[in-house]
Amino acid sequence: MSTKGQTLLGAEIFFECLKKEGVDYIFGYPGGALLKIYEKLYDVDHLKHILVRHEQGATHMAEGYARATGKVGVVLVTSGPGATNTVTGIANAYMDSSPIVVFTGQVPTHLIGNDAFQEADILGITRPITKYNFLVKDIKELAPTIRKAFYLAKSGRPGPVLVDLPKDVMNQSCAFHFQDKVDIRGYKPTFQGHSKQIKKAASKILHAKRPLLYVGGGVIMSEAAKELTFFAQSKNIPVTTTLQGLGAFPGDEPLSLGMLGMHGTYWANQAVSNCDVMISLGARFDDRVTGKLETFSPNSYKIHVDIDPTNIDKNILVDLPIVGDVKHILSELIVELNDAPDTKEWLAQIDGWRKECPLHYETGDGKLRTEYVLERITEKTNHNAVVVGDVGQHQMWIAQYIKFNSPRTQISSAGLGTMGFSLPAAIGAAFGIKDKPVFSISGDGGFMMNIQELNTAAYNKLPLKIVLINNSYLGMVRQWQELFHDQKYSFTNLSEMNPEYQKVVESFGIPSMSTDNPDEVDGIIDKMLAYNDGPIFAEFKVVKEDMVFPMVPAGASISDMMIKRLNPKTFV
Amino acid sequence: MKHTISVLVENKFGALNRVAAMFSARGFNLESIAIGETEDPGISRMTIVTRGDDKIIGQIVKQLNRLIDTLKVVDLTDALKIERELALISIGYHKSNRSEIISLCEIFKANVIDITPKAITVEIVGTPDKIESAIKIFLPFGIREIARSGVVALSRNEPVIVKTSKETNGTLTT
């Protein structure tokens with residue numbers, strides 16, 4: 001199809017625009033309001049439509065795809081319930097700043113507001129959880145709107161954008177023009193950092209005795225991992241990352257302190273509490289990172305690099321804000337800073353903390369533990385897998401025990417904490433990434449929440465490695481109940497309730513394995529890695545009552561960590 | 001502290017909702033909001049009255065700027081400005097106090113715009129302070145209903161532009 005100026009139907013313009021945007025996958029589910037689009041989709045060969053089994057799954061897939069590849073993830077769902085089912089996925093993408101574009105069908109324009117069949121005010125519903133959303137009422141606006149949607153999703157601080165497509169507009173026609181240039185007069189994200197501020201930052205860093213890089217997901221989004229690695233290594237500055245930032249700096253480098261915050265490492269949190277210059281890159285001082293605000297890194301001079309000005313001074317007042325793209329600012333900082341601060345003593349001090357309180361879990365009692373499974377996955381994949389965790393204890397153990405060495409290999413629902421994220425997000429990632437094994441790792445709570453997407457993985461023969469960490473508990477909630485709620489395990493014990501997961505998985509045609517024996521772990525992982533004809537499943541039945549340590553209780557200072565269970569005997 | 005913030009937004013569907021929703025979602029106080037078209041029919045001006053300490057006002061200004069439909073945000077609080085609000089006040093009366101009410105209107109430069117056997121409706125334009133004091137004066141007569149427009153404001157000088165990423169090259173005023 002030639003495109004310039006040719007008269008096309010709305011539904012045809014829709015696909016022409018996706019082609020121009022370079023979309024290769026859309027995750028969707030048809031419905032009444034989308035009939036014309038699906039009619040045209042039938043003959044489209046420039047992209048692949050993946051039929052999901054629930055619209056929430058589609059949004060997580062799009063996000064998983066976006067985060068693994070750096071491209072925009074695309075969702076296509078029908079009006080009403082199709083649209084409302086995407087809400088959790090959109091909120092998740094909003095909290096984690098992931099670029100996705102969600103196309104929702106809508107009832108015909110003359111019925112909007114009439115409580116028509118399958119009508120929902122999805123614009124109103126998603127306004128607070130999208131970067132922006134559009135209703136296309138005029139066919140002439142269709143192509144420019146789609147262009148704007150992709151531009152908004154990807155540029156500046158990325159995020160989800162929703163485009164509502166009334167049924168009648170898809171049936172109208174107009175001349176199709178694709179305009180590459182986008183001009184949104186109220187939207188001009190700052191790209192370049194202010195050079196005076198950068199110079200000032202360089203001088204502060206140069207004179208620092210105890211500098212620390214605090215790195216968030218923004219570094220990965222702006223593709224600045226290389227610059228960061230060079231910067232940290234050449235200036236000998238230790239790096240701690242947020243959950244979203246894992247992979248921005250090689251996890252097995254001596255300068256890597258691992259994650260900070262509530263379940264961060266002891267030494268990372270000590271470094272945060274004792275540093276004299278903190279360089280925050282693409283991070284937002286989230287409450288899970290800072291703990292008690294008043295005592296967060298009390299004596300440091302704080303430099304905050306972020307593309308979103310609203311992140312500056314939101315939680316923590318900083319001394320030197322630099323608004324702009326992290327990659328750009330880091331490159332300038334590298335040029336400005338031609339000498340390195342002397343950090344030998346500081347690194348030795350951090351090593352002391354590292355030895356004082358290393359990560360630790362029980363071994364040698366013949367029982368299977370999550371930490372061990374994760375260590376074996378890291379080892380067997382040679383740090384070269386995409387790991388999509390779910391939410392809860394296993395998510396924190398992933399952050400602690402898997403050493404992520406490259407960006408876009410750790411994908412997790414960080415901000416919203418959406419249980420059920422892992423399986424669909426890993427499916428999305430597996431569509432985008434072919435050169436590395438992709439693991440979905442869930443607990444038994446979250447696995448059930450989007451279990452229908454096993455069907456999507458199986459039908460598409462995706463070589464996905466599906467790991468279920470089954471402790472028969474909603475483990476993280478159970479942990480808080482044990483520690484802070486009088487050991488009242490209210491509705492967190494699933495041992496009587498859980499189905500036989502192996503049977504469930506097998507009913508989808510997915511080969512499965514299960515063990516509670518540490519000695520069998522390696523063999524199972526080997527089998528998973530060797531099998532590439534489709535998804536493969538392994539259930540690891542782990543110790544039921546283990547807890548994630550170290551831990552900063554909610555509202556406490558991050559320098560005050562709980563290292564282990566106070567009453568271990570109760571659970572032997 | 002009370003702040004008057006003037007916001008220029010794209011005059012389009014949902015822009016007011018986005019601003020109002022941002023205030024409620026982030027728990028910011030919204031005392032009044034007035035919106036209308038400007039000299040450019042594609043642009044609306046919102047005048048927002050809100051309260052908060054410096055940190056909160058700083059966040060409000062940044063969050064307003066962050067909205068895609070926002071073109072300019074100006075905190076007029078410390079600027080030379082003209083502020084006006086319109087109030088319609090319906091006051092119950094008797095024969096005995098009718099002339100007293102009307103003479104009070106003169107003092108406030110308020111106009112009597114309607115009179116029925118039971119009530120006098122006055123229109124008063126002024127700063128919010130002036131309207132507050134008029135309301136206080138009319139209260140003993142028995143106020144039946146009040147409708148207030150919310151403040152609209154303009155800067156007398158060149159607008160005090162709040163520096164944000166939209167206006168500068170990356171720095172924030174600190």
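Predicted model, so just to flag it, every value in this text is computed and none were measured.

1. Things to note about the overall build of chain B
- Secondary structure summary: chain B contains 4 helices and 9 strands in total.
- Going from N to C terminus, chain B has its helices and strands arranged as β-α-β-β-α-β-β-α-β-β-α-β-β.
- Expressed as lengths along the three principal axes of its C-alpha atoms, the size of chain B is roughly 65 × 30 × 30 Å.
- Within chain B, buried positions represent 47% of all 174 residues.
- Of all intrachain contacts in chain B linking residues separated by at least 6 positions in sequence, the fraction that spans at least 24 positions is 73%.
- Total accessible area on chain B stands at roughly 9,200 Å², and carbon and sulfur atoms take up 53% of it.
- Positive and negative charge centroids in chain B, built from 23 and 21 side chains respectively, lie 3 Å apart.

2. A look at the packing of aromatic side chains
Residues and elements named next belong to chain A.
- Counted by the stated rule, this structure contains 20 aromatic pairs over all chains.
- Here Trp-346 and Trp-353 contribute two aromatic rings whose centre-to-centre distance is 6.0 Å and whose plane-to-plane angle is 85 degrees, an arrangement assigned as edge-to-face.
- Overall, Trp-353 belongs to the buried group, its relative accessible area being 10%.
- Through a chain of ring-to-ring contacts, the aromatic side chains of Phe-14, Phe-15, Phe-103 and Phe-150 assemble into a single cluster.
- Sitting over the face of the ring of Tyr-473, Arg-478 holds its NZ or CZ atom 5.4 Å from the ring centroid.

3. Things to note about the interface of chain A and chain B
- Tallying the contact residues gives 28 residues for chain A and 27 residues for chain B.
- Across the chain A to chain B interface the summed buried area is about 2,400 Å²; carbon plus sulfur atoms make up 54%.
- Connecting chain A to chain B are 2 salt bridges.
- Across the pair Arg-185 of chain A and Glu-10 of chain B runs a salt bridge, and its minimum N-O distance is 3.1 Å.
- Joining chain A to chain B, the criterion identifies 9 residue pairs in polar contact (both at pLDDT 80 or more).
- Of all the secondary structure elements, the ones that give two or more residues to the side of chain A that touches chain B are β6 (132-135) and β14 (320-323) of chain A.
- Top element by residues in the side of chain A that touches chain B is β14 of chain A. It accounts for 3 residues.
- Taken together, the residues of the side of chain A that touches chain B break down into 11 nonpolar, 9 polar and 8 charged.

4. Describing the packing of helix α1 (residues 15-25) of chain B against helix α2 (residues 54-66) of chain B
Residue and element names in this part refer to chain B.
- Two numbers describe how α1 lies on α2: the axes approach to 10 Å, and their chain directions differ by 145 degrees. In the packing of α1 onto α2, the handedness of the crossing is right-handed. Contacts between α1 and α2 involve Val-19, Met-22 and Phe-23 on the former and, on the latter, Ile-60, Gln-63 and Leu-64.
- In terms of residue class, the contact of α1 with α2 is made up of 5 nonpolar, 1 polar and no charged.

5. Things to note about the domain arrangement of chain B
All names here are of chain B.
- Domain annotation of chain B identifies domain 1 (2-79) and domain 2 (82-152).
- Relative to domain 2, the C-alpha centre of domain 1 lies at a distance of 29 Å.
- Contacts between the two partners involve 6 residues from domain 1, matched on the other side by 5 residues from domain 2.
- Buried surface at the junction of domain 1 and domain 2, both sides included, amounts to about 370 Å², of which 59% is carbon and sulfur.
- Applying the counting rule to domain 1 against domain 2 returns 0 salt bridges.
- In this structure, the connection of domain 1 to domain 2 is made through 1 residue pair in polar contact (both at pLDDT 80 or more).
- Contributing elements (two or more residues each) for the side of domain 1 that touches domain 2: β2 (32-37) and β3 (43-51).
- Of the residues forming the side of domain 1 that touches domain 2, the biggest block, 3 residues, is contributed by β2.
- Classifying every residue of the side of domain 1 that touches domain 2 gives 3 nonpolar, 3 polar and no charged.

6. As for the pairing of strand β12 (residues 277-281) of chain A
Residue and element names in this part refer to chain A.
- Where burial is concerned, most of β12 is hidden: 5 out of the 5 residues are buried.
- By the bridge criterion, 5 bridges tie strand β9 (residues 211-215) to β12 in an arrangement that is parallel. By the bridge assignment for β12, Val-215 is matched with Leu-281.
- Relative to strand β13 (residues 301-306), β12 runs parallel, the two being bridged by 5 bridges. Bridging from a neighbouring strand, Val-277 pairs with Tyr-301 of β13.

7. Here we look at the sheet that holds strand β2 (residues 25-28) of chain A
Residue and element names in this part refer to chain A.
- The strand order across the open sheet built from 6 strands is β3-β2-β4-β5-β7-β6, with neighbouring strands paired in parallel fashion. Since the sheet does not close on itself, it has two edges, and those belong to β3 (48-51) and β6, each with one partner. Direction aside, the axes of adjacent strands within the sheet are offset by 20 degrees on average.
- Where β2 lies against β3, 4 bridges are found, and the strand directions are parallel. Across the sheet, the residue bridging to Phe-27 is Ile-50, located in β3.
- In the packing of helix α3 (residues 55-69) onto the sheet, the strands contacted are β2, β4 (73-77) and β5 (100-106), and the crossing angle to β4 comes to about 165 degrees.

8. Examining the pattern of salt bridges
All names here are of chain A.
- Considering all chains together, one arrives at 31 salt bridges over all chains under this definition.
- Residue Arg-67 pairs with Glu-63 through a salt bridge whose shortest N-O separation is 2.8 Å. Here Arg-67 and its partner Glu-63 are both found in helix α3, 4 residues apart, which amounts to about one turn of the helix.
- With a shortest N-O distance of 2.9 Å, Arg-369 and Asp-546 are connected by a salt bridge. Placement of the pair is Arg-369 in the loop between α15 (344-356) and α16 (370-380) and Asp-546 in the segment after β20 (536-541), with a sequence separation of 177 residues. This pair shows no difference in class: Arg-369 is buried, exactly as Asp-546 is.
- Each of Glu-12, Lys-36, Glu-39 and Lys-40 takes part in one network of salt bridges that share partners.

9. Notes on the side chain of Thr-229 of chain A
Residues and elements named next belong to chain A.
- With respect to the element layout, Thr-229 can be found in helix α11 (residues 225-235).
- Here Ala-225 takes part through its backbone oxygen, which lies 2.7 Å from a polar atom of the side chain of Thr-229.
- For Thr-229, the residues in contact, after removing those within four places along its chain, are Ala-248, Phe-249 and Pro-250.

10. Some remarks on unusual backbone geometry
Residue and element names in this part refer to chain A.
- The omega angle of the peptide bond from Phe-549 to Pro-550 is -5 degrees, so this bond is cis rather than trans.
- Relative to the assigned elements, Pro-550 resides in the segment after β20.
- Look at Phe-491: it is not a glycine, yet its phi comes out positive at around 55 degrees.
- Assignment of secondary structure puts Phe-491 in the loop between α21 (475-484) and α22 (501-507).
- For Phe-491, a relative accessible area of 79% gives the class exposed.

11. Notes on the side chain of Thr-456 of chain A
Residues and elements named next belong to chain A.
- One can find Thr-456 in helix α20 (residues 454-459).
- A relative accessible area of 2% places Thr-456 in the buried class.
- Of note is the side chain of Thr-456, whose polar atom sits 2.6 Å from the side chain of Glu-453.
- The residues touching Thr-456, leaving out its near neighbours within four places in the chain, are Ile-50, Leu-51, Val-52, Arg-53, Met-61 and Ile-427.

So, how was this worked out
- Residues numbered from 1 in each chain as written.
- Chains lettered and ligands numbered in written order.
- Predicted model: local features only at pLDDT ≥ 70, side-chain atom pairs only at ≥ 80, totals over all residues.
- Heavy atoms only, no water.
- Helix = DSSP H or I, 4+ residues; strand = E, 2+ residues; numbered from the N terminus.
- Buried < 20%, exposed > 50% of the residue type's maximum accessible area, 1.4 Å probe, protein only.
- Contact = heavy atoms within 4.5 Å.
- Areas by Shrake-Rupley, 256 points an atom, 1.4 Å probe, with all protein chains shown as cover.
- Lys, Arg positive; Asp, Glu negative; His and termini not counted.
- Charge placed at Lys NZ, Arg CZ, Asp CG, Glu CD.
- Phe/Tyr/Trp six-rings, centres within 6.5 Å; stacked < 30°, edge-to-face > 60°.
- Lys NZ or Arg CZ within 6 Å of the ring centre and 35° of its normal.
- Buried area = accessible area lost by both parts, 1.4 Å probe.
- Salt bridge = Lys/Arg side-chain N within 4 Å of Asp/Glu carboxyl O.
- Polar contact = N/O pair within 3.5 Å; in protein donor to acceptor, adjacent residues only side chain to side chain.
- Nonpolar A, V, L, I, M, F, W, Y, C, P; charged D, E, K, R; others polar.
- Axes fitted to C-alpha atoms, helices over the stretch in contact; angles between N-to-C directions.
- Left-handed = near helix turned anticlockwise from the far one by under 90°.
- Domains from an automatic or database assignment.
- Pairing = 2+ DSSP bridges.

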